[in-house]
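# Coordinate inspection notes
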Amino acid sequence: MKILVLHGPNLNLFGRREPHIYGTTTLAQINERLLALAEELDVTLEIHQSNHEGTLVDHFHANIDEADGALLNPAGLTQHGVSLHDAIKAMPFPVLEIHMSNIGARESWRHHSIISPAVKATIQGLGWRSYTAGLRALVEIVRESKAASAPA
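Moving on to the nonpolar core. Counting 24 residues, the largest nonpolar core has F14, L34, L45, L71, Y131 and L135 as its most contacted members. Secondary-structure elements contributing two or more residues to this core are strand 1 (2–7), helix 2 (27–41), strand 4 (95–99) and helix 5 (129–149). In terms of residue count, helix 2 provides more of this core than any other element does, six residues in total. In this view, F14 contacts Y22, T25, T26, L27, I30, N73, M100 and Y131; residues no more than four positions away in its chain are not counted. Listed in part, the 18 residues of the second largest apolar core include L4, A67, A70 and A118.

Right under this line is the structure:
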């Protein structure tokens, strides 16, 4: 099973950027935790971070026939990423939206996600654990789906 993990703009600054909101865990540490969990769950991860929406869209397109699911933290594209929204809608696999903070408890302009209507679910407010909770849930969703569609 191959799972994409896509990190949006400015997430390369985790650990330094607004630690009172995002904590002190770095993106490298989040990725290490995800890779360790992926090994435990017997899945393969392809991890990518970009500050550019088109690069994230390109990653979805390049994996349309190879990935079984995706975790996406759209970051600053959450409210304005129309192209990202459209790419997610075109994917044949489930995508989970991930946020370290609870966007509903932050500035009012952050409350609406243009990405949420395109994804299977949103996991937020758990800090770095939003990612690991998302990975566990996504693997279960994909495995259940494959079992249900397997010939009897």
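Before going further, it helps to spend a moment on the side chain of N31. The topology assignment puts N31 in helix 2. Polar side-chain contacts of N31 include one of 2.8 Å to the side chain of H7. Beyond its immediate sequence surroundings of up to four residues, N31 is in contact with H7 and I47.

Inspection of the entire model under this criterion finds two aromatic pairs. With a centroid separation of 5.6 Å and 45° between ring planes, the pair formed by F14 and Y22 is classed as tilted. With respect to burial, F14 and Y22 carry one shared label: buried. For the ring pair F60 and F93, a centre distance of 6.5 Å and an interplane angle of 25° mean the geometry is stacked. Pair noted here: F60 is in helix 3 (residues 53–62) and F93 is in the loop between helix 4 (82–90) and strand 4, with a separation of 33 residues, a long-range link. As far as the burial class goes, F60 and F93 line up, both buried. Against the face of W128 rests R33, its NZ or CZ located 3.9 Å from the ring centre.

A positive phi is found at N10, a non-glycine position, where the angle reads about 70°. Phi at E18 is positive, roughly 40°, even though this residue is not glycine. When you line up the elements, E18 lands in the loop between strand 1 and helix 1 (19–22).

Residue pairs three or four apart in sequence face the same way in an α-helix, which turns once every 3.6 residues. Within the span of helix 4, buried status applies to L84, H85, A87 and I88. All buried residues of helix 4 fall inside an arc of 165° around its axis, so they share one side. Buried residues in helix 4 make contact with helix 3, strand 3 (69–73) and strand 4.

This next bit is on the pattern of salt bridges. Enumeration according to the criterion identifies five salt bridges in this entry. A salt bridge links K2 to E46; the shortest N-O distance between them is 3.0 Å. With a gap of 44 residues between them, K2 in strand 1 and E46 in strand 2 (residues 44–49) connect regions that are remote in the sequence. On the basis of relative accessible area, K2 is assigned to the buried category, the value being 17%. Exposure remark for E46: the relative accessible area of 24% places this residue in the partly exposed category.

Criteria and cut-off values
Residues numbered from 1 in each chain as written. Predicted model: local features only at pLDDT ≥ 70, side-chain atom pairs only at ≥ 80, totals over all residues. Heavy atoms only, no water. Core = buried A, V, L, I, M, F, W, Y, C linked by side-chain atoms within 4.5 Å. Buried < 20%, exposed > 50% of the residue type's maximum accessible area, 1.4 Å probe, protein only. Helix = DSSP H or I, 4+ residues; strand = E, 2+ residues; numbered from the N terminus. Contact = heavy atoms within 4.5 Å. Polar contact = N/O pair within 3.5 Å; in protein donor to acceptor, adjacent residues only side chain to side chain. Phe/Tyr/Trp six-rings, centres within 6.5 Å; stacked < 30°, edge-to-face > 60°. Lys NZ or Arg CZ within 6 Å of the ring centre and 35° of its normal. Arc of directions from axis to C-beta. Salt bridge = Lys/Arg side-chain N within 4 Å of Asp/Glu carboxyl O.

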